[in-house]
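Here is how the chains run, residue by residue.
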Amino acid sequence: MDERELLDRLRRGDEAAYETIFRQWYAPLVAATTALLRDSGPAEEVVQDVMLELWRRRESLTLEQSLRAYLFQATRNRALNHLRRLRVETRGEPTIIAGMPTPAPADTEVREAELRVAIQAAIASLPDRCREVFELSRVQGLKYSEIATALGISVKTVEAQMGKALRVMREQLAPWMPESDTL
């Protein structure tokens, strides 16, 4: 069957003619569109949209060129529109993010609860002596000299254990801390 007869049958709503066109041109159109978009997923969507539009507009379809040329041009145009849309979305992201509202109080409460759990987990992960020194300093508010006396160790050992504790805490709590904050 020649192209003209196939198009005439398509215009009359012949699904078999549409299926023939679809089977013949789908794979080559996807291959060409994938080369343009560098991604097969969106390429398949673009070609499916073109094929769907071909079926929708079948009754009013008038081709000034071959079916092949029409399909490739329509697919190319849709692929370029897809790329333009991606470019606009990418450029608009910072504006959208800047315009987003600040977290609601409920969000803040949830975040604070998550942070409390993370802090407790980080403290629990410290070695015993390190955890003991950290809790005496940060929870009970003792000075290094008082901790040293209470535990029977030197102030230098207290300083070393606190340094280690703070380093571990900083690493484990990094996802919840702004980059400029320190413990």
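Further up the page is the structure itself.
Residues numbered from 1 in each chain as written. Predicted model: local features only at pLDDT ≥ 70, side-chain atom pairs only at ≥ 80, totals over all residues. Heavy atoms only, no water.

Draft legend 1. Seen up close, unusual backbone geometry. Unlike most non-glycine residues, Arg-38 shows phi in positive territory, near 65 degrees. In this structure, Arg-38 sits in the loop between α2 (15-37) and α3 (40-56). A relative accessible area of 73% places Arg-38 in the exposed class. (Helix = DSSP H or I, 4+ residues; strand = E, 2+ residues; numbered from the N terminus. Buried < 20%, exposed > 50% of the residue type's maximum accessible area, 1.4 Å probe, protein only.)

Draft legend 2. Geometry of the environment of Arg-129. Following the sequence through the fold, Arg-129 ends up in helix α6 (residues 128-139). Residue classification places Arg-129 among the partly exposed residues on the basis of a relative accessible area of 37%. In this structure the C-alpha to C-alpha distance between Arg-129 and Ala-165, which are 36 residues apart in sequence, comes to 9.7 Å. In contact with Arg-129, other than residues within four places in its own chain, are Leu-151, Ile-153 and Gln-161. (Contact = heavy atoms within 4.5 Å.)

Draft legend 3. How the structure looks around helix α7 (residues 144-151). Along α7, the residues that are buried comprise Ile-147, Ala-148 and Leu-151. Viewed end-on, α7 has its buried residues packed into an arc of 100 degrees, placing them on one side of the element. In this structure, α7 carries Thr-149 and Ala-150 as exposed residues pointing more than 90 degrees from its buried face. Along its buried surface, α7 packs onto α6 and α8 (155-172). Looking one or two residues beyond α7, the residue adopting positive phi is Gly-152, at roughly 70 degrees. (Arc of directions from axis to C-beta.)

Draft legend 4. Up close: the environment of Arg-56. You can see Arg-56 is positioned in helix α3. Arg-56 sits in the exposed class, given a relative accessible area of 58%. When the C-alpha positions of Arg-56 and Arg-11 are compared, they lie 9.9 Å apart, and in sequence the two are 45 residues distant.

Draft legend 5. Up close: α6. Spanning 12 residues, α6 covers 15 Å between terminal C-alpha atoms, matching the ideal 16 Å at 1.5 Å per step. Of all the positions in α6, only Cys-130, Val-133, Phe-134, Leu-136 and Ser-137 are classed as buried. Down the axis of α6, the buried set is contained in an arc of 165 degrees. They therefore lie on one face. For α6, the exposed residues lying more than 90 degrees away from the buried face are Asp-128 and Val-139. Looking one or two places after α6, you find Gly-141, whose phi comes out positive at around 75 degrees. (Expected span 1.5 Å × (residues − 1).)

Draft legend 6. Spatial organisation of the packing of α7 against α8. Where α7 meets α8, the closest approach of the two axes is 8 Å, and the angle between their N-to-C directions is 110 degrees. With respect to each other, α7 and α8 are oriented roughly perpendicular. Across from Tyr-144, Ser-145, Ile-147 and Ala-148 in α7, the residues of α8 making contact are Val-155, Val-158, Glu-159 and Met-162. A per-class count over the contact of α7 with α8 returns six nonpolar, one polar and one charged. (Axes fitted to C-alpha atoms, helices over the stretch in contact; angles between N-to-C directions. Parallel < 35°, antiparallel > 145°, perpendicular 65-115°, else oblique. Nonpolar A, V, L, I, M, F, W, Y, C, P; charged D, E, K, R; others polar.)

Draft legend 7. Broad picture of the side chain of Thr-75. Note that Thr-75 resides in helix α4 (residues 67-98). With sequence-adjacent residues up to four places away left out, Thr-75 is seen in contact with Leu-29, Thr-33, Val-46, Val-47 and Val-50.

Draft legend 8. Looking closely at the environment of Pro-175. Within the element layout of this structure, Pro-175 appears in the segment after α8. The sequence separation of Pro-175 and Ala-118 amounts to 57 residues, and the corresponding C-alpha distance is 9.9 Å.

Draft legend 9. Examining the pattern of salt bridges more closely. Tallied over the entire structure, the rule returns seven salt bridges. A salt bridge links Arg-23 to Glu-19; the nearest nitrogen and oxygen atoms lie 3.0 Å apart. Here Glu-19 and Arg-23 lie together in helix α2, a separation of four residues that amounts to about one turn. Given the relative accessible area of 40%, Glu-19 is considered partly exposed. Among the ionic pairs, Arg-56 bridges to Glu-53, the shortest N-O distance being 3.8 Å. Taken together, the residues span about one helical turn, with Arg-56 and Glu-53 both in helix α3 at a distance of three residues. (Salt bridge = Lys/Arg side-chain N within 4 Å of Asp/Glu carboxyl O.)

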